[in-house]
Amino acid sequence: MKLINHPGAILITGLFLLASCSNRSTHLYTSELDRLKEESKSNLSAHVDEFNAYKNRPESDGPFNASNNKTFLQENIPLFTSSDAGISRVYNYRWWMISKHLKSYNDPEDSKSYWVVTEFFGVKPWASLSGAITCPAGHQFYDARWLRDDTFLKSYADYFMRGSASRLNQRENGNFLTYLSRPESHHFSSWMINGVEAFQKIHPDQAWTRDILPSLEKHQQVWDSLFTVKNPSARTAGMYKILDLYDGMEFSLSAVLGLIHSDGAYSLYTKDNWRDYYLGWETTGKAAQSQQAKEYPKAFRKGYPDYYLVRPSVNSYAYGNLQSLANLYRRDQISNEKARYYKQRALAVQKKTLAVLWNKDDQFFNTYSAGDNAFGAGDYEARVRESVGYTPWYFHMIPASSYKDYSRAWDMFASRKGFYHNAGMTTAEQQHPYYNERAYAWNGRGWPFENSVVYKGYANYLRTYKKTASASEKALLYDYVAKLAQMHGSEQLNIGEWYIPSDGKTFGGESDYFHSTFPDIIIEDLLGFQASHESGFSLAPLLPENQWDYFYLGNIRYHHHDVDIVWKKDWNPYKPGNQSRLCVWVDRKLVASQESLNNVLQVKIKH
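Residues numbered from 1 in each chain as written. Predicted model: local features only at pLDDT ≥ 70, side-chain atom pairs only at ≥ 80, totals over all residues. Heavy atoms only, no water.

Draft legend 1. Focus on the environment of lysine 124. With respect to the helices and strands, the residue lysine 124 is situated in the loop between β5 (112–117) and α4 (137–144). Considered as a pair, lysine 124 and glutamine 221 are 97 residues apart in the sequence and their alpha carbons are 27 Å apart. Discounting chain neighbours no more than four positions away, the residues touching lysine 124 are Arg171 and Glu510. (Helix = DSSP H or I, 4+ residues; strand = E, 2+ residues; numbered from the N terminus. Contact = heavy atoms within 4.5 Å.)

And the structure:
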């Protein structure tokens, strides 16, 4: 491997370097870059005109609308085009949708102005006073971090970490459904601290990081104080717990199994009647009228059981947040002592999760009921595979040295008995007798929120752990991504809350709904742009080599530099055979290239 000191103080390493490119080739590559960049701009312009003309769509929550959103998007988003026109169109639609959710909020509580990112349009009863909701915030950070302007996410982090949302208790109204008061910033589970770190890998700002870190610590301390199992003798002692609803999951099979196993207040639920009481919002009203709810009023809130679960999701979120605190304190040696402390905290969560939630017989991460539940069975293991069992891979929680011990979990990702279905991923294994995709629940029905978690987890498994993915593994990831794109529709694109995995042709629920990622799925998971705190990045695409003829991804603002990437299967149609090459430009200079699409290409930028 050679090193080149390139003009402009950029240091490049790669498998195939610029030195091996002739001037003629360099001109060919740069000419094609310019052509594809103009193509992507033209496509974006046409797509925005199309999307702005859609009828019966929610009005924008903020200042970006049909009068100005084209200019905003052209100036701010990473441009993308490929030989797959459908995926390219969905990519642009999702950025158009995101622009509608960037909201300027003048906070009467602290007389400050913030940028927030909304999920639903308007201010829902279960939202913060600004209209922003913590449940999708992790996804929102991962998508919006790719905007060239870092103002939006800095302000959004400020609002939830040290603004009024970090202090005001969530409004207790008809949608509260629990007895645990907590700040708006903790109404739903989230991995916002990890999201802040992911954002800082794109737009590093040492002064801002130093300033906000104490507030990130306080944010995690609230999770520690309110959402951990307090019974020291419980198997789940010290682990993180959450209600189904406040893990963004409404109703789950793991909760069903725990409720059926319970007596006392939850003797209401049996294997024969649970569907009448815990399967969609139309059932909780019936539970509220039950004798058990009258006899044990604190065990229910409007018929919703106050039954906490120790889930792979919320424990992985905690691990991600703690690991990010360690990483952020380690940056520039802000505090080595605190970096060590949070690293040890993260390792403790990792160790406990692997020891308790991993089931060797099931070869999966299962859910337990919390060992300090006031009502119902505690420390009960629900023997059902749910998609949340893949969350540890999202945060690289699996030890690299023993990753093969956990790899069989991914067999179910490709299995018709597991999570693979005609239109997309299910949220519970299909072979379970309680599987149900028709109810407004996570008993099987598909949710884009969860697609975004699991697809990144699978991409991390292939790229970080296995290092080399087989053709069939790459094809499986692409199959899932393509199905997700296709479900956005053809005539008028849309993203909603849920879909039916067996035959879904579109999304249900709200329209233009920001509860999941797509730009980040394309940029990081599929095309493999791996950001770093260091002055560089790597490209490790998982796109099957014969799937597309070309792609362009550019206009990326990264560590204060501009990055453009082009891959083409055949650069010169006048030469026989293909001339596959992946090329990278930094600040308009062709700095690295390689023949193979799927090998790792390292690009380091020396300031």
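Draft legend 2. Highlighting helix α15 (residues 471–486). Here α15 is 16 residues long and its end C-alpha atoms lie 22 Å apart, about the 22 Å a rise of 1.5 Å per residue gives. Those residues of α15 that are buried lie in contact with α3 (85–100), α14 (448–466) and α16 (519–526). (Expected span 1.5 Å × (residues − 1).)

Draft legend 3. A look at the packing of aromatic side chains. Within the structure shown, the criterion is met by 78 aromatic pairs. Relative to tryptophan 393, the ring of phenylalanine 365 has its centre 5.7 Å away and its plane inclined at 75°; by these criteria the two rings are edge-to-face. With phenylalanine 365 in strand β10 (residues 364–365) and tryptophan 393 in helix α13 (residues 391–394), this residue pair connects regions lying 28 residues apart in the sequence. The exposure class assigned to phenylalanine 365 is buried, which follows from its relative accessible area of 1%. (Phe/Tyr/Trp six-rings, centres within 6.5 Å; stacked < 30°, edge-to-face > 60°. Buried < 20%, exposed > 50% of the residue type's maximum accessible area, 1.4 Å probe, protein only.)

Draft legend 4. Structural detail: the sheet that holds strand β12 (residues 381–382). Reading across the sheet, the three strands line up as β8-β11-β12 and stay open at both edges, with antiparallel pairing between neighbours. The strands lining the two open edges of the sheet, one partner per strand, are β8 (309–310) and β12. Across two bridges, the pairing between β8 and strand β11 (residues 367–369) is antiparallel. Pairing of valine 310 across the sheet is with tyrosine 368, part of β11. (Pairing = 2+ DSSP bridges.)

Draft legend 5. The arrangement of the sheet that holds strand β16 (residues 561–568) in detail. The five strands lie next to each other as β3-β15-β16-β17-β18, forming an open sheet whose pairing is antiparallel. The two strands at the open ends of the sheet, each matched to only one other strand, are β3 (79–82) and β18 (589–594). Neighbour-to-neighbour, the strand axes of this sheet turn through a mean angle of 15°, independent of strand direction. In terms of strand pairing, strand β17 (residues 581–586) meets β18 through five bridges, oriented antiparallel. Residue cysteine 583 lies in a different strand from β18, and its bridge partner there is serine 593. Across the sheet, α3 is in contact with β3 and β15 (550–558); its angle to β3 comes to roughly 160°. (Axes fitted to C-alpha atoms, helices over the stretch in contact; angles between N-to-C directions.)

Draft legend 6. Seen up close, the environment of phenylalanine 120. Topologically, phenylalanine 120 is positioned in the loop between β5 and α4. Residue classification places phenylalanine 120 among the buried positions, given a relative accessible area of 8%. In this view, phenylalanine 120 contacts Asp61, His101, Trp126, Ile133, Glu497, Glu510 and Tyr513; residues no more than four positions away in its chain are not counted.

Draft legend 7. View of the nonpolar core. With 201 residues, the main nonpolar core has Tyr390, Trp393, Phe413, Phe529, Trp548, Phe551 and Val584 as its most contacted residues. Discounting chain neighbours no more than four positions away, the residues touching phenylalanine 529 are Trp146, Ile523, Glu524, Phe537, Ser538, Leu539, Ile556, Tyr558, Val563 and Ile565. (Core = buried A, V, L, I, M, F, W, Y, C linked by side-chain atoms within 4.5 Å.)

Draft legend 8. Main features of the confidence of the model for the chain. Confidence in the prediction of the chain, expressed as mean pLDDT, is 95, and 96% of residues score 70 or more. Across residues 1–21, where pLDDT falls below 50, the model places 61 contacts with residues more than four positions away in sequence or in other chains. (pLDDT = per-residue confidence, 0-100.)

Draft legend 9. Here's a closer look at the pairing of β16. The buried fraction of β16 is high, at seven of eight residues. For β15 and β16, the ladder comprises seven bridges, and the chain directions are antiparallel. Of the residues in β16, the one forming a bridge with tyrosine 558 is histidine 561. In sequence, β15 turns back onto β16 through a hairpin of two residues, with histidine 559 there showing a positive phi of about 50°. Where β16 meets β17, six bridges bridge the pair, whose relative direction is antiparallel. The residue of β17 that forms the bridge with tryptophan 567 is leucine 582.

Draft legend 10. Representation of unusual backbone geometry. The phi torsion at glutamate 250 lies on the positive side, around 55°, for a residue other than glycine. Of note, glutamate 250 is situated in the loop between α7 (206–226) and α8 (253–261). Judged by relative accessible area, which is 12%, glutamate 250 ranks as buried.

Draft legend 11. Here's a closer look at the side chain of serine 190. Along the polypeptide, serine 190 turns up in the loop between α5 (151–162) and α6 (192–202). Judged by its relative accessible area of 2%, serine 190 falls in the buried class. If near-sequence neighbours (up to four positions away) are discounted, serine 190 is found in contact with Thr134, His219, Trp223, Tyr317 and Asn321.

Draft legend 12. Molecular detail of the packing of helix α11 (residues 312–330) against helix α12 (residues 336–356). For the pair α11 and α12, interaxial distance at closest approach is 8 Å and the crossing angle is 160°. For the element pair α11 / α12, the angle class is roughly antiparallel. The way α11 lies across α12 gives a crossing that is left-handed. Across from Asn315, Tyr319, Leu322, Gln323, Leu325, Ala326, Tyr329 and Arg330 in α11, the residues of α12 making contact are Lys338, Ala339, Tyr342, Lys343, Arg345, Ala346, Val349, Gln350 and Thr353. For the contact of α11 with α12, the per-class residue count stands at nine nonpolar, four polar and four charged. (Parallel < 35°, antiparallel > 145°, perpendicular 65-115°, else oblique. Left-handed = near helix turned anticlockwise from the far one by under 90°. Nonpolar A, V, L, I, M, F, W, Y, C, P; charged D, E, K, R; others polar.)

Draft legend 13. A look at the pattern of salt bridges. One pass over the full model with this rule turns up 37 salt bridges. The partner of glutamate 39 in a salt bridge is arginine 35, and the shortest N-O contact between them spans 3.3 Å. Note that glutamate 39 and arginine 35 are positioned in helix α1 (residues 23–52) at a spacing of four residues, about one turn of the helix. Given a relative accessible area of 39%, arginine 35 falls into the partly exposed group. With its nearest N and O atoms 2.8 Å apart, the salt bridge here joins lysine 338 to glutamate 217. Here the residue lysine 338 occupies a position in helix α12, and glutamate 217 occupies one in helix α7, the gap between them amounting to 121 residues. On the basis of relative accessible area, lysine 338 is assigned to the partly exposed category, the value being 34%. Owing to a relative accessible area of 8%, glutamate 217 belongs among the buried residues under this scheme. (Salt bridge = Lys/Arg side-chain N within 4 Å of Asp/Glu carboxyl O.)

Draft legend 14. Up close: the packing of α4 against α5. Running from N to C, α4 and α5 cross one another at 160°; their axes reach a closest spacing of 10 Å. With respect to α5, the axis of α4 lies roughly antiparallel. Every pair of crossing elements has a handedness; the one defined by α4 and α5 is left-handed. Side by side, α4 and α5 meet where Ala137, Gln140, Phe141 and Ala144 of the first sit next to Leu153, Tyr156 and Ala157 of the second.

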